[in-house]
Amino acid sequence: MKISINNIEFSYNGTPVLKNIDCKINKGDFITIVGPNGSGKSTLIKCINGILKPRKGTVLISDKDIKEHPKNDLAKCMAYVPQNNHKQTPVSVFDTVLLGRKPYINWKPSASDIKITADIIEQLKIETISMKDINKLSGGQQQTVFIARALAQETDILLLDEPTANLDIKHTIEIMDILKKLCDKGLTVIIALHDINLATRYASRIIMLKEGEIFAHGGKEIINEDNLENLYDIKVQLIESNNNLHIIPIGSLHN
Ligand SMILES: Nc1ncnc2c1ncn2[C@@H]1O[C@H](COP(=O)(O)OP(=O)(O)OP(=O)(O)O)[C@@H](O)[C@H]1O
Ligand SMILES: [Mg+2]
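Cut-off values and rules
Starting from 1, residues in each chain are numbered consecutively following that chain's sequence as written. Numbering of ligands from 1 and lettering of chains from A proceed in the order in which they are written. Per-residue local features are limited, in this predicted model, to residues with pLDDT of at least 70; the limit for side-chain atom pairs, both in listing and counting, is 80 or more; totals at the level of whole chains, interfaces and linings are taken over all residues. Here a strand is any run of E in DSSP of at least two residues, a helix any run of H or I of at least four, and the numbering for each starts at the N terminus. As a reference, a globule follows 2.2 Å times the number of residues to the power 0.38, and the radius of gyration itself is taken over C-alpha atoms. Residue burial here comes from a neighbour count, namely the number of other C-beta atoms, placed from the backbone, that lie within 10 Å of the residue's own C-beta, with 20 or more meaning buried, 12 or fewer meaning exposed, and in between meaning partly exposed. Contact between two residues is assigned whenever their backbone-derived C-beta positions fall within 7 Å. Orientation is described by axes fitted as lines to C-alpha atoms, over the contacting stretch for helices, and by angles from 0 to 180 degrees between their N-to-C directions. Any angle that is under 35 degrees is reported as roughly parallel, and any over 145 degrees as roughly antiparallel; angles of 65 to 115 degrees are reported as roughly perpendicular and all others as oblique. Note on convention: the crossing is left-handed when the near helix lies turned anticlockwise from the far helix by less than a right angle, right-handed when the turn is clockwise. In this classification, the charged set is Asp, Glu, Lys and Arg, the nonpolar set is Ala, Val, Leu, Ile, Met, Phe, Trp, Tyr, Cys and Pro, and all remaining amino acids, among them Gly, are polar. Any two strands with at least two DSSP-identified bridges between them are counted as paired. What makes a residue near a molecule or strand is its C-beta atom, placed from the backbone, lying within 6 Å of it. For a helix, the expected span equals 1.5 Å multiplied by the residue count minus one. Joining buried Ala, Val, Leu, Ile, Met, Phe, Trp, Tyr and Cys residues through C-beta atoms within 7 Å gives a set, and that set is a nonpolar core.

### Description of the overall build of the chain
At step 1: When you go through the chain residue by residue, the secondary structure sums to 8 helices and 12 strands.
At step 2: Here the C-alpha atoms of the chain give a radius of gyration of 19 Å, agreeing with the 18 Å that 2.2 N^0.38 yields for 255 residues.
At step 3: Dimensions along the principal axes, computed over C-alpha positions, put the chain at roughly 60 × 40 × 35 Å.
At step 4: A burial count over the chain gives 34% of its 255 residues as buried.
At step 5: Considering only intrachain contacts with a sequence separation of at least 6, the fraction spanning at least 24 residues in the chain is 64%.

See below:
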């Protein structure tokens, strides 16, 4: 499913946050959005999924403005994992993941909804906590459950805001590998990430946001010392090994 972001601008209470954001995202793209704190990554993701309405510009999915997609249809084509999951109503992990099936459920979950939920719980290896209250999990476990809920939604587009922030390195790689495999089958993934190494390793394309504008957009070629130093205002060193780029922050540019 193609996404067109056409020159969007967004302001919070009159303060501009996103300016002239213009880009096309194709089916099967793995897009990582990187940039400093406050650069607008979460705001952009919320504009793409329609939670926030840009004051200028449009977001089109399959050439149709998201404002014209019926809400339930939009929920079948786009899932979202927010950056911060505040306190949840006390339901089990299983029921939380089952909520991902909501757009498909008429009055009760079908056998297929239950099977999809159980399969995803197994795939993400959270069976042992399946009956636990979502509020009684660690930050990383909770995050995995919200990713599972989004996967249960079986959408063509997945938006994730810092999905690995609370995960250890093993769980991070497991989740990113699952997303990459789904992407290879046609899922479009858009992720805001702070870990620039992770963002570079998995992305088919990277969007660098700086002060609400696209500072650079492209493949791994945009990951260079100049761009990173300008983006983060910090000195970095790049090392290439095993076909992977490793970005090492060295210190302030101004010392
Ligand atoms: N609800 C809000 N009301 C007013 N201003 C907001 C709101 N949410 C975010 N902002 C402001 O908008 C700007 C962009 O915020 P945003 O959350 O999109 O940044 P981000 O790139 O996701 O940052 P981070 O890396 O810290 O998650 C910031 O200056 C922030 O203070
Ligand atoms: Mg954010």
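Now that the structure has been shown, the text picks up again.
### Points about the packing of helix α4 (residues 111-123) against helix α5 (residues 139-152)
At step 1: Contact pair α4 / α5: the axes reach a minimum separation of 10 Å and the direction vectors enclose 140°. With respect to α5, the element α4 is oriented oblique. Note that α4 runs across α5; the crossing there is right-handed. Only Ala148, Leu151 and Ala152 of α5 make contact with α4, whose side of the interface consists of Ile116, Thr117, Ile120 and Ile121.
At step 2: Residue composition of the contact of α4 with α5, by class: 6 nonpolar, 1 polar and no charged.

### Structural notes on the sheet that holds strand β6 (residues 78-81)
At step 1: Read from one edge to the other, the open sheet built from 6 strands follows the order β6-β7-β8-β3-β9-β10, with strand pairing classed as mixed. Edge positions in the sheet fall to β6 and β10 (213-218), since each of these pairs with one other strand and no more. Across this sheet, the average inter-strand angle for adjacent strands is 15°, counted without regard to direction.
At step 2: The sheet contact formed by strand β7 (residues 157-161) and strand β8 (residues 188-192) spans 5 bridges and is parallel. Opposite Asp161, over in β8, you have Ala192 as the bridge partner.

### As for the site of ligand 1
At step 1: Close to ligand 1 lie Tyr12, Val17, Gly35, Asn37, Gly38, Ser39, Gly40, Lys41, Ser42, Thr43 and Gln83, which account for all nearby residues.
At step 2: Considering each element in turn, the shell around ligand 1 owes the most residues, 3 residues, to helix α1 (residues 41-48).
At step 3: Class assignment for the residues of the shell around ligand 1 results in 2 nonpolar, 8 polar and 1 charged.

### Let's talk about α4
An α-helical turn contains 3.6 residues, so a residue and the one three or four places further along point in the same direction.
At step 1: Here α4 is 13 residues long and its end C-alpha atoms lie 18 Å apart, about the 18 Å a rise of 1.5 Å per residue gives.
At step 2: Lys125 sits one or two residues past α4 and shows a positive phi near 55°.

### A few points about the environment of Asn49
At step 1: Tracing the chain through its elements places Asn49 in the loop between α1 and β4 (56-61).
At step 2: C-beta crowding within 10 Å serves as the criterion here: with 19 such atoms nearby, Asn49 is assigned to the partly exposed category.
At step 3: For the pair formed by Asn49 and Ala75, sequence separation is 26 residues and the distance between their alpha carbons is 9.3 Å.
At step 4: Setting aside chain neighbours within four positions, we find Asn49 in contact with Met78, Tyr80 and Leu159.

### So, the sheet that holds β4
At step 1: The 4 strands lie next to each other as β2-β1-β4-β5, forming an open sheet whose pairing is antiparallel. Each edge of the open sheet carries a strand with a single partner, namely β2 (15-25) and β5 (64-65).
At step 2: As judged from the 7 bridges shared by strand β1 (residues 3-12) and β2, these two strands associate in the antiparallel manner. Looking at β2, one finds that Ser4 is bridged to Lys24.

### Some remarks on the nonpolar core
At step 1: Ile33, Ile48, Val97, Ala148, Leu159 and Ile190 are the most contacted members of the largest nonpolar core, which has 66 residues in total.
At step 2: The leading source of residues in this core is α5, at 7 residues.
At step 3: Not counting residues within four places of it along the chain, the set of residues in contact with Leu159 comprises Ile45, Ile48, Asn49, Met78, Tyr80 and Ile190.

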